[in-house]
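Descriptive structure summary
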Amino acid sequence: DTAVSQTPKYLVTQMGNDKSIKCEQNLGHDTMYWYKQDSKKFLKIMFSYNNKELIINETVPNRFSPKSPDKAHLNLHINSLELGDSAVYFCASSLKGSGFQFFGPGTRLTVL
Amino acid sequence: AQKITQTQPGMFVQEKEAVTLDCTYDTSDQSYGLFWYKQPSSGEMIFLIYQGSYDEQNATEGRYSLNFQKARKSANLVISASQLGDSAMYFCAMREGRKASGGSYIPTFGRGTSLIVHP
């Protein structure tokens, strides 16, 4: 059974387009995260939601907008895609206060 | 300053040998947690092991053990009897006692160590 799932797994798009990545977890966790992993494998947190409320918003261009319709879902919408947005985006979830994070399989975004 | 430092960008080990991956951390919190994750070439992030700052015993999970030296602020991962399937990137991570609003801890990851296991 999938614990944290992301769609799509691969996303290839042109510069300037708008795209979304979806994330769902069935672990009953109340906190979800988006991370960006660059080509050098550096993993940086972008956002975190707890019970649908935004609690972490790191220095990320406001072209990136997360949306959490409920505790089990956290989607990431990216406007006006740029070449530098090419990366692997990971969704993760945890229980508040635990720090144990379970990661999704990642979405490899390539901007041409 | 980096909160998590992994000084070994790449490591090589012979199959069946043990290997230690270094991790040092920086925090002024008394309560914190340390994690190791494995990322194989397929890309997923796999949780390996956790050590709480108040845990007196070093954490162990099968062939993985965490050599926790609190005074030195180090949390090295030891993999015993390396297998070819252990070849991967390994990330050390920390969650500090400082919470974001809502009560969740803000996690920090190191830059990773690439481990290659030779037959």
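Description of the structure in this document. (Residues numbered from 1 in each chain as written. Chains lettered and ligands numbered in written order. Predicted model: local features only at pLDDT ≥ 70, side-chain atom pairs only at ≥ 80, totals over all residues. Heavy atoms only, no water.)

Some words on the packing of aromatic side chains
Residue and element names in this part refer to chain B. Within the structure shown, the criterion is met by 13 aromatic pairs over all chains. Each ring, one from Tyr37 and one from Phe109, has its centre 5.6 Å from the other, and the planes form 40°; the classification is tilted. Pair noted here: Tyr37 is in strand S5 (residues 33-39) and Phe109 is in strand S11 (residues 105-109), with a separation of 72 residues, a long-range link. Among the residues examined, Tyr37 registers a relative accessible area of 1% and is labelled buried. Lying over the aromatic face of Tyr64, Arg63 brings its terminal NZ or CZ to 5.7 Å of the ring centre. (Phe/Tyr/Trp six-rings, centres within 6.5 Å; stacked < 30°, edge-to-face > 60°. Helix = DSSP H or I, 4+ residues; strand = E, 2+ residues; numbered from the N terminus. Buried < 20%, exposed > 50% of the residue type's maximum accessible area, 1.4 Å probe, protein only. Lys NZ or Arg CZ within 6 Å of the ring centre and 35° of its normal.)

Re the environment of Thr110(A)
Residue and element names in this part refer to chain A. For Thr110, the position within the fold is in strand S11 (residues 107-111). Thr110 gets classed as partly exposed once you look at its relative accessible area, which sits at 29%. Residues contacting Thr110, with those up to four places away along its chain left out, are Leu11, Val12, Thr13 and Ser86. (Contact = heavy atoms within 4.5 Å.)

Some points on the pattern of salt bridges
This structure, assessed with the given rule, holds four salt bridges over all chains. In this structure, Glu82(A) and Arg63(A) form a salt bridge, with 3.5 Å as the shortest nitrogen-oxygen distance. Of this pair, Glu82(A) sits in the loop between strand S8 (73-78) and strand S9 (87-94) while Arg63(A) sits in the loop between strand S6 (53-57) and strand S7 (64-70), and the two are 19 residues apart along the sequence. When its relative accessible area of 41% is taken as the criterion, Glu82(A) is described as partly exposed. Note on Arg63(A): relative accessible area 13%, which makes it buried. A salt bridge links Lys3(B) to Glu96(B), with the nearest nitrogen and oxygen atoms 2.7 Å apart. Residue Lys3(B) is found in the segment before strand S1 (4-5), and its partner Glu96(B) is found in strand S10 (residues 88-99); the two are separated by 93 residues along the sequence. Its relative accessible area of 7% is what places Glu96(B) among the buried residues. (Salt bridge = Lys/Arg side-chain N within 4 Å of Asp/Glu carboxyl O.)

Remember that the coordinates give geometry; whether it matters functionally is a separate question.
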